[in-house]
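# A closer look at the structure
Below are the chains, spelled out letter by letter.
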Amino acid sequence: MIVIDSASPVPPFEQLRAQLAAQIQERTLAVGTRLPTIRRLAADLGLAVNTVGRAYRELEEAGLIETRGAAGSFVSAAGEQGRERARRAAAEYAAVIASLGIDAAEAVHIVQAALARPDSY
């Protein structure tokens, strides 16, 4: 279920992208699920075709969906691979933190700082 809030300061394409990304990450939309066509979803949500197209493009760039030509757009397995890569990186980080004797609270603070300013790390 996608809900677009026309009163929100967040652009409609971003609302759509964020909601679809959340559904993919929460596995509400499973790998291989076929998404509605851009035209169909635009009509269903009362949005412009370009708005939905932009959301789909950004999801594709993030590796969460893939477009297979005339067959349509599908939830990508690459999103699951990305999640596994993140798990491995977290495990490696936890091992480094433990070897350095840094406590969990400080380790979380370090991660939060890195997420807030990814270009500085």
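Residues numbered from 1 in each chain as written. Predicted model: local features only at pLDDT ≥ 70, side-chain atom pairs only at ≥ 80, totals over all residues. Heavy atoms only, no water.

### Topic: the pattern of salt bridges
Spelled out, the test is: Salt-bridge detection follows one rule: a side-chain nitrogen of Lys or Arg within 4 Å of a carboxyl oxygen of Asp or Glu. Secondary structure elements are defined from DSSP: runs of H or I of at least 4 residues count as helices, runs of E of at least 2 residues count as strands, and each element is numbered from the N terminus. With a 1.4 Å probe rolled over the protein chains alone, any residue whose accessible area is under 20% of its type maximum counts as buried; one over 50% counts as exposed, and the rest are partly exposed.
What the rule picks out here adds up to four salt bridges. With its nearest N and O atoms 2.7 Å apart, the salt bridge here joins Arg 17 to Glu 14. You can see Arg 17 and its partner Glu 14 sitting in helix α1 (residues 12-25), three residues apart, about one turn around the helix. Since its relative accessible area comes to 22%, Arg 17 is described here as partly exposed. Two residues, Arg 40 and Asp 44, come together in a salt bridge whose shortest N-O distance is 3.2 Å. With a gap of four residues between them, Arg 40 and Asp 44 both fall in helix α2 (residues 38-45), about one helical turn apart. Residue Arg 40 is classed as exposed on the basis of its relative accessible area of 53%.

### Regarding the environment of Leu 16
In plain terms, the rule: By definition in these notes, contact holds between two residues if any of their heavy atoms fall within 4.5 Å.
Relative to the assigned elements, Leu 16 resides in helix α1. Considered as a pair, Leu 16 and Ala 48 are 32 residues apart in the sequence and their alpha carbons are 12 Å apart. The residues touching Leu 16, leaving out its near neighbours within four places in the chain, are Ile 2, Ile 4, Leu 41, Leu 45, Val 52 and Ala 55.

### Digging into the nonpolar core
Convention followed: Side-chain atoms within 4.5 Å link the members of a nonpolar core, which is a set of buried Ala, Val, Leu, Ile, Met, Phe, Trp, Tyr and Cys residues.
Counting residues in each nonpolar core, the largest one holds 17 residues, and the members touching the most others are Leu 16, Leu 20, Val 52 and Tyr 56. Secondary structure elements with two or more residues in this core: α1, α2 and α3 (49-61).

### Overview of the layout of surface pockets
Rules: Cavity: a set of points on a 1 Å grid over the protein atoms alone where a 1.4 Å probe fits but cannot get out. Pocket: an open set with protein on both sides within 12 Å along at least five of seven lines, its lining residues, like those of a cavity, having an atom within 4 Å of a point. Grid points are joined across faces, edges and corners, and a volume is the space filled by probe spheres set on the points.
In this model, the largest pocket occupies a volume close to 180 Å³. Ile 38, Tyr 56, Thr 67, Gly 72 and Ser 73 are the residues nearest the centre of the largest pocket, which is lined by 13 residues in total. Looking at which element gives the most residues to the lining of the largest pocket, the answer is α3, with four residues.

### Description of the confidence of the model for the protein
Our working rule: pLDDT measures the predictor's confidence residue by residue and takes values from 0 up to 100.
When pLDDT is averaged across the protein, the result is 91; 93% of the residues are at 70 or more. Per-element confidence in the protein ranges from a low mean pLDDT of 84 for helix α4 (residues 77-100) to a high of 97 for α2.

### A look at the side chain of Ser 76
With respect to the secondary-structure elements, Ser 76 resides in the loop between β2 (73-75) and α4. The exposure class assigned to Ser 76 is buried, which follows from its relative accessible area of 5%. In this view, Ser 76 contacts Val 31, Gly 63, Leu 64, Ile 65 and Glu 66; residues no more than four positions away in its chain are not counted.

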